[in-house]
Amino acid sequence: EGRIKWIGLRSAKKADMASVDTAKVYMNGLDGDYRENPGKRAVTLIQWEHLPVIASLTGREHVAPALLRRNIAVSGINILGLRRHTIQIGTAVFKISGLCAPCSYMEKVFGRGGFNAVRGHGGVTAEVIKEGEIKLNSLVTLLEFNGLSG
């Protein structure tokens, strides 16, 4: 099991992320979060434990999850190992659909080398299977394990 450490929403494509304590989850993503074509990328998650690694690789003391533009920061469960598996967070259910690779915007955020610093630490994308609600400290529970990831 893991827990939600942070939830973030953005009102428009390039808008800053706003930190929230709770969010309603709909089939197209989190209520109040901008998404062009949600589908299998309706929600993005990042591993909380990877933030210090990214900080170290970018020469910073700390990296806030909002800088990485992911919706949910999770601690205590290896989300990178959950590709194609189903998880429950709060009352919502998600299927981890793939890796969320960094984009060139990371160069702007972290400076030269920012893209490569986030590589392998960018988190995952997920599609919503069941609508619900998530809150800070909500449990992240594996519901269905489909064999080896890859």
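Residues numbered from 1 in each chain as written. Predicted model: local features only at pLDDT ≥ 70, side-chain atom pairs only at ≥ 80, totals over all residues. Heavy atoms only, no water.

1. Considering unusual backbone geometry
For step 1, the next point in the chain: Phi is positive for R69, close to 65°, though the residue is something other than glycine.
For step 2, the next point in the chain: With respect to the helices, strands and loops of the structure, R69 is situated in the loop between α1 (51–57) and β6 (72–75).
For step 3, the next point in the chain: Even without being a glycine, R84 presents a positive backbone phi close to 70°.
For step 4, the next point in the chain: With respect to the helices and strands, R84 occurs in the loop between β6 and β7 (86–89). (Helix = DSSP H or I, 4+ residues; strand = E, 2+ residues; numbered from the N terminus.)

2. A word on the pattern of salt bridges
For step 1, the next point in the chain: Overall, the coordinates contain 3 salt bridges when judged by the stated rule.
For step 2, the next point in the chain: The salt bridge involving K135 is made with E133; its shortest N-O contact spans 3.8 Å.
For step 3, the next point in the chain: Its relative accessible area of 44% is what places K135 among the partly exposed residues.
For step 4, the next point in the chain: A single salt-bridge network, built from bridges that share partners, covers K24, E133 and K135. (Salt bridge = Lys/Arg side-chain N within 4 Å of Asp/Glu carboxyl O. Buried < 20%, exposed > 50% of the residue type's maximum accessible area, 1.4 Å probe, protein only.)

3. Remarks on the layout of surface pockets
For step 1, the next point in the chain: Here the largest pocket defines a volume of roughly 620 Å³.
For step 2, the next point in the chain: Residue lining of the largest pocket: 21 residues in total, with R10, K13, R35, R69 and C103 positioned closest to the centre.
For step 3, the next point in the chain: Looking at the lining of the largest pocket residue by residue, the classes come out as 9 nonpolar, 2 polar and 10 charged. (1 Å grid on protein atoms, 1.4 Å probe; cavity = no way out; pocket = protein on both sides within 12 Å on 5 of 7 lines; lining within 4 Å. Points joined across faces, edges and corners; volume = space filled by probe spheres on them. Nonpolar A, V, L, I, M, F, W, Y, C, P; charged D, E, K, R; others polar.)

4. Considerations on the pairing of strand β11 (residues 139–144)
For step 1, the next point in the chain: Here strand β1 (residues 2–9) runs beside β11; their pairing, made up of 2 bridges, is antiparallel. Within β11, the position partnered with R3 by the bridge is L139.
For step 2, the next point in the chain: Note: β7 against β11, 4 bridges, orientation antiparallel. Bridge pairing links I89 to V140 in β11. (Pairing = 2+ DSSP bridges.)

5. Comments concerning the pairing of strand β3 (residues 22–26)
On a regular strand, each side chain points to the face opposite its neighbour's, so the side chains alternate between the two faces of the sheet.
For step 1, the next point in the chain: Residues A23 and V25 point to one face of β3 and are all buried, whereas T22, K24 and Y26, pointing to the other face, are not buried.
For step 2, the next point in the chain: Sheet analysis places β3 next to strand β10 (residues 132–135), joined by 4 bridges and oriented antiparallel. For A23, the partnering residue across the bridge sits in β10 and is I134.
For step 3, the next point in the chain: Pairing between β3 and strand β4 (residues 29–30): 2 bridges, direction antiparallel. By the bridge assignment, V25 is partnered in β4 with L30.
For step 4, the next point in the chain: Connecting the antiparallel pair β3 and β4 is a turn made up of 2 residues.

6. Regarding the nonpolar core
For step 1, the next point in the chain: Among the nonpolar cores identified, the biggest contains 24 residues, and L30, V43, L45, I72, I89, F94 and I134 are the most heavily contacted of them.
For step 2, the next point in the chain: What L45 contacts, discounting residues up to four positions off in sequence, is R70, I72, V74, I79, I89, I96, G122, G123, V124 and A126.
For step 3, the next point in the chain: Counting residues in each nonpolar core, the second largest holds 13 residues, with L51, I54, V63 and M106 among its members. (Core = buried A, V, L, I, M, F, W, Y, C linked by side-chain atoms within 4.5 Å. Contact = heavy atoms within 4.5 Å.)

7. Points about the sheet that holds β3
For step 1, the next point in the chain: Read from one edge to the other, the open sheet built from 3 strands follows the order β4-β3-β10, with strand pairing classed as antiparallel. A strand with exactly one partner marks an edge of an open sheet, and here the two such strands are β4 and β10.

As far as function goes, none of this settles anything; it's purely spatial.
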